[in-house]
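Analysis of the macromolecular model
Spelled out, the chains give:
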Amino acid sequence: MSRPGPEFHVISLFPEMFSPASLCGVTGKAVEQGLVGLTAYQLRDFTGGSIHPVDDSPYGGGPGMLMKPEPVFAAVEQVSSTAPPGVSVLLTPQGRRFGQEAAARLADEKRVLLFCGRYEGVDERIRPLFDEELSIGDYVLSGGELAALVIIDAVTRLVPGVLGSDESTRQESFSDGRLEYPQYTRPAVFRGEAVPDVLRSGNHAEIERWRREQSERRTRARRPDLVGVDRSAGGDRGRGEEPGDD
Ligand code: 4GS
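Since the structure is predicted, the reported quantities are computational estimates derived from the model, not experimental observations.

So, how was this worked out
- Residues numbered from 1 in each chain as written.
- Predicted model: local features only at pLDDT ≥ 70, side-chain atom pairs only at ≥ 80, totals over all residues.
- Heavy atoms only, no water.
- Pairing = 2+ DSSP bridges.
- Helix = DSSP H or I, 4+ residues; strand = E, 2+ residues; numbered from the N terminus.
- Axes fitted to C-alpha atoms, helices over the stretch in contact; angles between N-to-C directions.
- Contact = heavy atoms within 4.5 Å.
- Salt bridge = Lys/Arg side-chain N within 4 Å of Asp/Glu carboxyl O.
- Buried < 20%, exposed > 50% of the residue type's maximum accessible area, 1.4 Å probe, protein only.
- Right-handed = clockwise from strand over helix to strand, strands pointing away.
- Parallel < 35°, antiparallel > 145°, perpendicular 65-115°, else oblique.
- Nonpolar A, V, L, I, M, F, W, Y, C, P; charged D, E, K, R; others polar.
- Polar contact = N/O pair within 3.5 Å; in protein donor to acceptor, adjacent residues only side chain to side chain.
- Domains from an automatic or database assignment.
- Near = heavy atom within 4 Å.

**Topic: the sheet that holds strand β2 (residues 37-42)**
Spatially, β2-β1-β6-β5-β8 is the arrangement adopted by the five strands of the open sheet, whose pairing is parallel. Strands at the two margins of the open sheet, each flanked by one partner only, are β2 and β8 (132-135). In this sheet, adjacent strand axes meet at a mean angle of 30° when their direction is disregarded. Relative to β8, strand β5 (residues 87-97) runs parallel, the two sharing five bridges. Bridge pairing in β8 places R96 opposite L134. Of the strands in this sheet, β1 (7-12), β2, β5, β6 (111-116) and β8 touch helix α5 (residues 145-156), which is tilted by about 175° from β1.

Next up, the structure:
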């Protein structure tokens, strides 16, 4: 039987950056248990010799260097040529914003190829090689590796069997597009701050109601962009506060 989660295949100039993901924490355990696969390839191994560079200066001038197309094509084509088929992703600030829905979608793939750029950018002719382009946010990283690690982490924890059932159930509460309610553990009073009485009341219906309210209030205050968006419909109807909200 095949593994429950994807094989991640990462192409990078710094493949050693992916060792910690294979060794530590949730992703490390998932790799160890064979729930996901993680293989990182050195892009330079696809240049056909150490004298062949992976970067060059842009036509028309301008600052910085670009990734040359030849090694990227060689690497992506060779890595993609082995089964199973899947999706190939270029990490770039120009891509669609990576979020929980994309994570869930990638968790259903048999294979996810992630290409990590370095330098100021890539030769434009590299783009058609990929099924999609993803960005983890509106900032410029020095390489795509941290973006790939973010994606590997967010996807892996959605693979069945990776998290305990408690955590998996909680996971669903972010998937519905709301922020988490405030949480507390012992002690009941810390530096004069008491845990809300309702949480110690033992009244589970009340606790449930309080948490839902807190979650709504916190989402409206901190992430108004999430409130009122019907994610299942995929539109932005109803954005903003509803009449009668406090
Ligand atoms: C991102 C990002 C990124 C862009 C890679 C400049 C090196 C760098 N990748 N989400 N060249 N944000 N990539 O900043 O994915």
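**Here we look at the pattern of salt bridges**
Applying the stated criterion across every chain, the model contains 15 salt bridges. When the shortest N-O distance is used, the salt bridge between R220 and E216 registers 4.0 Å. Pair noted here: R220 and E216 are both in helix α7 (residues 204-222), with a separation of four residues, about one helical turn. Taking the relative accessible area as the measure of exposure, R220 reaches 16% and is therefore buried. We classify E216 as partly exposed; its relative accessible area is 33%. Here the salt bridges do not stand alone but share partners, grouping R96, R105 and E132 into one network.

**Focus on the pairing of β6**
Within a regular strand, the side chains alternate between the two sheet faces. With respect to burial, β6 is a largely interior element, six of its six residues being buried. The alternating pattern of β6 places R111, L113 and F115 on one face and V112, L114 and C116 on the opposite face, and all of these are buried. Two elements, β1 and β6, share five bridges in a ladder whose sense is parallel. Note that in β6 the partner of I11 across the bridge is F115. Alignment of β5 against β6, held across five bridges, turns out to be parallel. Looking across to β6, one finds that L91 is bridged to C116. For the crossover from β5 across helix α4 (residues 100-107) to β6, the handedness is right-handed.

**Section: the packing of α4 against α5**
For the pair α4 and α5, the least separation of the axes is 8 Å and the interaxial angle reads 70°. As far as their axial angle goes, α5 and α4 are roughly perpendicular. Residue-level inspection shows A103, L106 and A107 of α4 in contact with α5, the latter providing I151, A154 and V155. Split by residue class, the contact of α4 with α5 holds six nonpolar, no polar and no charged.

**Observations concerning unusual backbone geometry**
Backbone torsion omega between A83 and P84 reads -5°, so that peptide bond is classified as cis. Counting through the fold element by element, P84 comes out in the loop between α3 (69-80) and β5. Omega for the peptide link from R186 to P187 comes to 5°, which places this bond in the cis form. Positionally, P187 belongs in the loop between α6 (165-175) and β9 (189-190).

**Some points on the side chain of Q42**
Tracing the chain through its elements places Q42 in strand β2. A polar atom in the side chain of Q42 sits 3.3 Å from the backbone oxygen of L13. Other than its neighbours up to four places away in sequence, Q42 contacts S12, L13 and P15.

**Considerations on the domain arrangement of the chain**
Each domain of the chain was delimited in the assignment, giving domain 1 (7-156) and domain 2 (167-226). Computed from C-alpha atoms alone, the centre-to-centre distance between domain 1 and domain 2 is 37 Å.

**Remarks on the site of the ligand**
Around the ligand, 16 residues are found, and the nearest of them are Y119, I136, G137, Y139 and L141. Those elements giving two or more residues to the shell around the ligand turn out to be β5 and β8. The class makeup of the residues in the shell around the ligand is nine nonpolar, seven polar and no charged.

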